[in-house]
Structures are given as C-alpha cells and as structure tokens.
Amino acid sequence: MTSSEVLHSDSRHGTSQAWTPQLWAILIVLGGALCLDALGVSMIGVALPSIRSALDLSTSSLQWIVSGYVLGYGGLLLLGGRAADLLGRRRVFLVALAVFALVSLLGGLASDPGLLIAARFVKGVAAAFTAPASMSLLTTTFPEGPMRNRAFSVYTVFGASGFSLGLVLSGLLTEVSWRWTLLVPAPVAAVVLVAGIWFIPRGERTTRGGRKFDVPGALTITTAMLLLVYTLVSAQQAGWSSARTVGSFAAVALLLGVFVTIERRSRDPLVPFGIFASRALRRANIGAVTLFGTYVSFQFLVTQYLQTLAGWSAIGTALAFLPAGVMVVVLSTRMAGLLGRFGPAPLTAVAFSCLLLAYVVFLRAGVNPDYPAVMLPATLLIGLAFGLGFSSLTVAATAGVPDSEQGLAASLFQTSFQVGGAVVLAIVTAVVDASGAGGLVSPAATLAAYRPALILITAVAAVGALVALSGLRHQRDRAVAPAGELPVRSGDLAGRSAMPVAVPVPVPSAAVPAPSAGTVPRREAVRDGTTAA
C-alpha cells in the first residue's frame, strides 16, 4: 500500500479519521497553491495603469497582460487535468509549481512588452496544471463527507484571503514599483513548492491503462481561443469588415471545426461531448463566462477610471475593491450551510441579481467618483455575487456527474471561467477603442467613451441572470413531477447531486465527487429539487 493510501485508508472502510498534523500540512500546501491563483487574479489589476505608463502600451496591448494569463490557464486546463490523472498528481503539481515560480520571476524582470505577455501566458499554462492536480490531491486525501467539507472550508478561506490580501499588496507594492506585483508570487510559490516536496506523500500509483494525451485537441482549442481574442482586440484598427478580420474569424471557425472532428475521432478525447447533456453543467458554464468575464472587464475599466481620470493612487484603488474581497472571505465559511439549506439554483439566481444590480448602480458614476453612493454599493454587491455564485456554479457543474467524468466537468467549468474572462475583456476593450477613449484628454469625454463598455458589461451580466433564473424554472418543474416519478430528466445529471462543497473565490474551483458507483440514491426531496443519496 502506498503512503497516500495509508494516509486515508481507514476512511475508505467507513471508520472516522483524525485530523493529523500531516493532513493539516497537506491542506496548507494545497491552500497555498490556491492562494497563489487568487493573488494572480487580484494583484495585476491595480498595477495595470503603472505598467501601461512604464511600457507605453495601448489599451488593446495592455489587456493582453490579463488575457495572456487567463488564456494560457483556460486553454490548457483540460490537458492539465488529464496529465494529473496519467502522470501522477504529486509529480504534475510540483513540476508546474516550479515553472510558475520561475516565470513569475522572469515576468517581473521583463522590460519588453512581448516578453512580459509571453511570461504571463506561460505562467497561466503552469497554473492550468497546478489547479486540477491540487484539486485531485485534496479530494483523494480527504474522504467524502464532513471531513472533506471541513477541508474545503479551510481551503477556500486561503483563496478568499489571498484575493483580499492581493488587493492590498498590489496597491502598496505598485507605489514602490509595478514589478513587485509580478515578483512577489515567485518566492511564495517557492515556499509552497518546498513544503509540497516535504509533506505531500510519495508513492502514488498511476496506471495509464492505454489512455493517451489528446495533445492535438488541446493545441487546437488553445490556438482558436488565442486567435479569437487577438481578432477581437485588433479588429478596431484593422476594420471589422477588413480581409484580415474576416479571415481571422473564418480561421477561428475552422479551428473549432477541426477541434470537434479531433474529439469525435479520438479514442481518448479531451472533451467527450456527451457530458454536455447535463443542463446544469451547461448553465454553470454560461454562468462562469458571464461572472468572471464581467468582473475582469469591470475591474479593468474601473482601475483606469479611478487612477487615470480621477487621479487616485494605486493603494486607494486597491482599498476601493477590498470590500468585495472581505465579503467573499466572510461568505466562504458559510456557503456549505447555505447550499445545504437552499441548494445551488436559488443562490445562483440571487448572486446574478446582485451582479446585475452592481453594474447598474455603477452606471451612475460621474467624472468625480462618489464612493459612498456608487463605488461602495457596487463593490459590496459584486462581493455578494462572487461569494454566493461561484460556489453555487461549482456545485451545479459537478453534482451528479459520474466519478469517471468529475475531473472533466470541473476542468470544463474552470476553462469557461478563464477563457470567458479573456473573451469578454477582449470585446469590452474593442468597444473602448471604438469609442476613441485612448485619444481623448477631457475626463468627461473619456468617461463617456467608457460608458458603452460599461453598458455591455451590464448586458452580459443580464444574460447570466436570465440563465440563472431558467435554472429556478427547471427546478420548479422537477419539484412538481407526478408522484412515483423520480424528478430527474435525461440530460440533467444534477438530479443526483451529492452534498455540495463551497468554493466561493474567483479562482478555479474543485470538483465535488459524485456518489460511488455502488450507491443507490434514495428518493428524498431536497431544496433544489434534486434527490439526496
């Protein structure tokens, strides 16, 4: 028996397991990796205006510092999950973490915009391998039930705290130099790497069983996403009807077609399309695109608004966003109880209502920021949206999915989250460029040029809200199913959901394992209209 199996073998036989010092150490290591992801999301936004001035970047070039990371992240998440399964979770986690530390250092030292964007992309690729590996390590170390729920509560506090800490640190460090916001993750990753080598048990058994990596599929979908974002960003300069723009969109469509063909013919496809039969999974992925896409775009615009138009300092901007992070931290310790009481569908609907209201409130912003009446309410509502919505979407994306597809479902959700952020940001940036914001000198004119982009963000959030409300309607339909019928429809695997686990931070989430194959669910109604095991 391997050391990993010894660590939790008792729990597999139905006996309780004590929280040993080694388990706490493993949880802290995995939480540290999640904290790194959260720092990567929150620290870069506040530093963007300083990076723009130092490297003389246009708005379209500046957004690639954000998009490069999330595209590398989202484009290779599916391959990263497969690598963890086939090569070993510990090995993949440690190697990717070492790469993450190295490129963080190189990115902080880069003076050429191209090198900086390339370093951000490679850093995202490294995160695409650490995220699924760390999630798998956590779910295989802690047995399903109260112990795993407690582990996830502690784990997500790391992520939420990292997000909030990143906001404050980015403001303080940017006052010294924007480079420190890129350099700080390097030593943190090095510490987590050393701790991981020391505490994560060796001896994990990996059997490939003839399965292969779908490298062509991963490269094709990543190339398609990169080309799509590049086309959206550059279309304003080249012209939307130009041969280059039209040809690029055609190439994107061709690459997507090639990806579908590869997946249908592959013996071990990266994405078996049958998984999309789950309505809950489809809704969760659309929600992920709209939630993170609108937030990244909103932070991008508001940072420019506060620092460029209103003359706020970097630390002042960071503190303006801090209430959202604090809200996420507070909710992260309570989401398991809320999900158990109400279910994911109602909480998702409330979350997107808060998100939409937040952006509507911010549309009232003027040239001089009104923090108490506009910024603070919008920020608190965004915090509520993330705190309630992210964990609810995660549960919906993975609940009831067979064990063999849990990693795929979680990776699809993470991919939607990251790529959605890049695509929505690219569209918003194109709208800003089309409004001529870069060539305006009057604060009032610049804000007027930003307003169409803010309206677009609000419209995308409205789409997310409509999708969330459709989940409530579907839940109600199942709740009134005739007596004697199991209220689960073909194509909606969420009807067999296990106890949810909260992951309420704006970073990649964990899969929630389904009941074991031998478990026969009892038909008991629960609050979201599903059945409880």
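Residues numbered from 1 in each chain as written. Predicted model: local features only at pLDDT ≥ 70, side-chain atom pairs only at ≥ 80, totals over all residues. Heavy atoms only, no water.

A. View of unusual backbone geometry. In this structure, aspartate 56 takes a positive phi of about 55° despite not being glycine. By the secondary structure assignment, aspartate 56 is in the loop between helix 2 (21-55) and helix 3 (59-87). The class of aspartate 56 is exposed, set by a relative accessible area of 70%. (Helix = DSSP H or I, 4+ residues; strand = E, 2+ residues; numbered from the N terminus. Buried < 20%, exposed > 50% of the residue type's maximum accessible area, 1.4 Å probe, protein only.)

B. Quick peek at helix 12 (residues 314-332). Between its terminal C-alpha atoms helix 12 stretches 27 Å, which fits the 27 Å expected from 19 residues at 1.5 Å a residue. Roughly 35° is the biggest bend found in helix 12, and it falls at phenylalanine 321, with proline proline 323 one to four residues downstream. (Expected span 1.5 Å × (residues − 1). Bend = angle between axes of the 7 residues up to and from the residue.)

C. Structural view of helix 2. End to end, helix 2 covers 47 Å across 35 residues, agreeing with the expected 51 Å (1.5 Å per residue, within 8%). Considering bend angle alone, the principal kink of helix 2 is centred on leucine 48 and spans about 50°; proline proline 49 follows within four residues of it. Taking burial as the measure, the 35 residues of helix 2 include 27 buried ones, the bulk of the element. Where helix 2 terminates, the next one or two residues include aspartate 56, which has phi positive at roughly 55°.

D. Main features of the environment of serine 134. Here serine 134 shows up in helix 5 (residues 113-141). A C-alpha to C-alpha distance of 8.8 Å links serine 134 and glycine 31, two positions 103 residues apart in sequence. Other than its neighbours up to four places away in sequence, serine 134 contacts Leu30, Phe93 and Tyr155. (Contact = heavy atoms within 4.5 Å.)

E. Layout of the packing of helix 3 against helix 11 (residues 279-309). Between helix 3 and helix 11, whose axes approach to 12 Å, the crossing angle comes to 140°. Between helix 3 and helix 11, the interaxial angle falls into the category oblique. Note on packing geometry: the crossing formed by helix 3 with helix 11 is right-handed. Each of Thr59, Leu62, Gln63, Val66 and Val70 in helix 3 lies in contact with helix 11, whose residues at this interface are Phe292, Val296, Phe300 and Gln304. (Axes fitted to C-alpha atoms, helices over the stretch in contact; angles between N-to-C directions. Parallel < 35°, antiparallel > 145°, perpendicular 65-115°, else oblique. Left-handed = near helix turned anticlockwise from the far one by under 90°.)

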